[in-house]
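What the coordinates show
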Amino acid sequence: MSVVVRFAPSPTGLLHVGNIRLALVNWLFARKAGGRLLLRLDDTDDERSTPTFAAGIERDLGWLGLDWDLKARQSDRLALYAGAADRLKVAGRLYPCYESPEELGLKRKSLLARGLPPLYDRAALALPAADRARLEAEGRRPHWRFRLDHQPVGWTDLVRGPAHFDGADLSDPVLVREDGRTLYTLSSVVDDIAFGISHVIRGEDHVANTAVQSQLWQALDGPVPAFAHLPLLTDAAGHGLSKRLGSLSIASLRDDDGIEAMALLSLLARLGTADAVEPHLTLDELIGSFDLDRVSRATPRFDPEDLLRLNARLLHLTPFAAMAGRLAALGLDGADERFWLAVRPNLTRLSDAARWWQVSHGTVTPTLSDPALMARAAALLPPEPWDETTWGSWIDRVRSATGLKGKALFLPLRLALTGCDHGPELKNLLPLIGRRRAEARLNGLTA
Ligand code: GLU
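None of these values were measured; they are calculated from a predicted model. (Residues numbered from 1 in each chain as written. Predicted model: local features only at pLDDT ≥ 70, side-chain atom pairs only at ≥ 80, totals over all residues. Heavy atoms only, no water.)

Considering the site of the ligand
Looking at the ligand, the residues that line it are Arg6, Ala8, Ser10, Asp42, Tyr184, Ser188, Arg202 and His206. Aspartate 42 places a side-chain nitrogen or oxygen 2.7 Å from a nitrogen atom of the ligand. In the environment of the ligand, an oxygen atom lies 2.8 Å from a nitrogen or oxygen atom belonging to the side chain of arginine 202. Within the complex, the protein chains bury 80% of what would otherwise be the 290 Å² of accessible surface of the ligand. Its residues assigned to classes, the shell around the ligand shows two nonpolar, three polar and three charged. (Near = heavy atom within 4 Å. Polar contact = N/O pair within 3.5 Å; in protein donor to acceptor, adjacent residues only side chain to side chain. Areas by Shrake-Rupley, 256 points an atom, 1.4 Å probe, with all protein chains shown as cover. Nonpolar A, V, L, I, M, F, W, Y, C, P; charged D, E, K, R; others polar.)

A word on the nonpolar core
Residues Val17, Leu66, Leu264, Leu268, Leu292 and Phe302 are the most contacted members of the largest nonpolar core, which totals 51 residues. Top element by residues in this core is helix H1 (residues 17–33). It accounts for ten residues. One finds Ala335, Phe339, Leu417 and Leu429 within the second-largest nonpolar core, a separate group that totals 40 residues. (Core = buried A, V, L, I, M, F, W, Y, C linked by side-chain atoms within 4.5 Å. Buried < 20%, exposed > 50% of the residue type's maximum accessible area, 1.4 Å probe, protein only. Helix = DSSP H or I, 4+ residues; strand = E, 2+ residues; numbered from the N terminus.)

A closer look at the pattern of salt bridges
Counted by the stated rule, this structure contains 31 salt bridges. Notably, a salt bridge pairs aspartate 192 with arginine 6, separated by 2.9 Å at the nearest N-O pair. Taken together, the positions of aspartate 192 in helix H6 (residues 184–194) and arginine 6 in strand S1 (residues 4–7) put the pair 186 residues apart, joining distant regions of the chain. In this structure, aspartate 192 and arginine 6 share a single accessibility class: buried. Close ionic contact of aspartate 60 with arginine 254 constitutes a salt bridge, the shortest N to O distance being 2.9 Å. A residue pair is termed long-range when its members are at least 10 positions apart, and aspartate 60 in helix H2 (residues 51–64) and arginine 254 in helix H8 (residues 250–255) qualify at 194 residues. Neither residue differs from the other here; aspartate 60 and arginine 254 are each classed as buried. (Salt bridge = Lys/Arg side-chain N within 4 Å of Asp/Glu carboxyl O.)

Digging into the packing of aromatic side chains
Taken as a whole, this structure holds six aromatic pairs when the rule is applied. Taking 5.9 Å as the distance between ring centres and 5 degrees as the angle between the ring planes, the aromatic pair formed by tryptophan 155 and phenylalanine 165 counts as stacked. With tryptophan 155 in strand S6 (residues 152–157) and phenylalanine 165 in strand S7 (residues 161–166), this residue pair connects regions lying ten residues apart in the sequence. Since its relative accessible area comes to 11%, tryptophan 155 is described here as buried. With centroids separated by 5.7 Å and ring planes inclined at 65 degrees, the aromatic side chains of tryptophan 391 and tryptophan 394 adopt a geometry described as edge-to-face. Note that tryptophan 391 and tryptophan 394 are positioned in helix H16 (residues 390–402) at a spacing of three residues, about one turn of the helix. Owing to a relative accessible area of 0%, tryptophan 394 belongs among the buried residues under this scheme. Taken together, Trp155, Phe165, Trp217 and Phe227 form an aromatic cluster joined through their ring pairs. (Phe/Tyr/Trp six-rings, centres within 6.5 Å; stacked < 30°, edge-to-face > 60°.)

Topic: the sheet that holds strand S4 (residues 94–97)
The three strands are arranged S4-S5-S8 in an open sheet whose pairing can be described as antiparallel. Where the open sheet ends on each side, the last strands, each with one partner, are S4 and strand S8 (174–176). Across the sheet, the mean angle from the axis of one strand to that of its neighbour is 45 degrees, orientation sign disregarded. Direction of pairing for strand S5 (residues 143–146) relative to S8: antiparallel, over a ladder of two bridges. Residue pairing in the sheet places tryptophan 144 in a bridge with valine 176 of S8. (Pairing = 2+ DSSP bridges. Axes fitted to C-alpha atoms, helices over the stretch in contact; angles between N-to-C directions.)

Digging into the packing of H1 against helix H9 (residues 261–270)
Interaxial distance between H1 and H9 falls to 9 Å at its minimum, and their mutual angle equals 80 degrees. Judged by the inter-axis angle, H1 sits roughly perpendicular to H9. Of the residues in H9, those touching H1 at Val17, Ile20, Arg21, Leu24 and Leu28 are Leu264, Leu265, Leu268 and Ala269. For the contact of H1 with H9, a count of residues per class yields eight nonpolar, no polar and one charged. (Parallel < 35°, antiparallel > 145°, perpendicular 65-115°, else oblique. Contact = heavy atoms within 4.5 Å.)

In structure tokens:
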């Protein structure tokens, strides 16, 4: 069987880390199996879907390197859904209903008040033809429900294991609205059949939909795919994520927080599995170790602090070649491998490099805790050329001249040379700063 999966976001908001986890799992599943991934934009809700959000989805996926083999927009496929609804009507599986939202709300309330599940009572199925004709004559437009078979439904979920439902415990779902528009429950199945989707991998908020939809697949003569429902991510405090939650949106992690795409992907690929989270430099590395069987049913928490730590670990092992263009884009023209290797261990975000660029190639106002000591140290600076051994030989001379050692010596030197009490190893930084700047700074000059 050829593997075809889909990622089907609705362009009604910004993608967040939970959405991307599903995109990533689908992507890894497809790539590992040599299959295909469909990007499907579920944009039939035209009050809430916008082209801007649709473009944002493609931008986020593009940034992460999660490419797709096929793309479809549900708004281009409405005729197909209407055709499927007609076939279901002909087969007697769709029936017209005339209740208003208020009437339905009252029915629900009264069932709940009696401690009963709020199932639709199928009153419309029993509506005499004369009543229907009267309602139509009054100008009432029906919505259409799918008549479920009252029999067991089940599947072996690739994440949750055996799942059992009974059609009798489910409400007949509305598939077509009063205005004739078809709803997600139907359009999703029509598309999954049309695109030959082999595995539906989505959030566990869709488990009840799957129970209903598995009957739809049968009614539409489509092969029923395999299912995997992943638990939804929560934030660090255990609360659900929503598209309106700005801070965990992919756009804000990228643009405001300067997170590396591979840090985010490395974390999301492991979250909810028992496997250790490690920084991976390429998606290829993640494909190799991906296995849907490793995803557990437990609800994973997404902690931005974990992401930041992983981002730092990833930067610490990223080679210069992978960063040259990004450093130039940050405005650090001329940043070379020596600079990168010197500052890399001190970065949490790539943008932190700008600060060390300022120290090594820009201007710094030194902090002088002991001007006389610094002046003596300046006088002992060796002539250039300088390399990574310069610091050691210079420090030996300063140590024997002053009798100072350890922190008492290093901290004032660091403050003078960099204007800051922490940072990359001075052994690596000193040759980048160069003799002219070092001497001036030790003498208290901004240089
Ligand atoms: N548009 C639906 C959602 O975002 C798709 C669900 C599915 O994968 O079937 O929840």
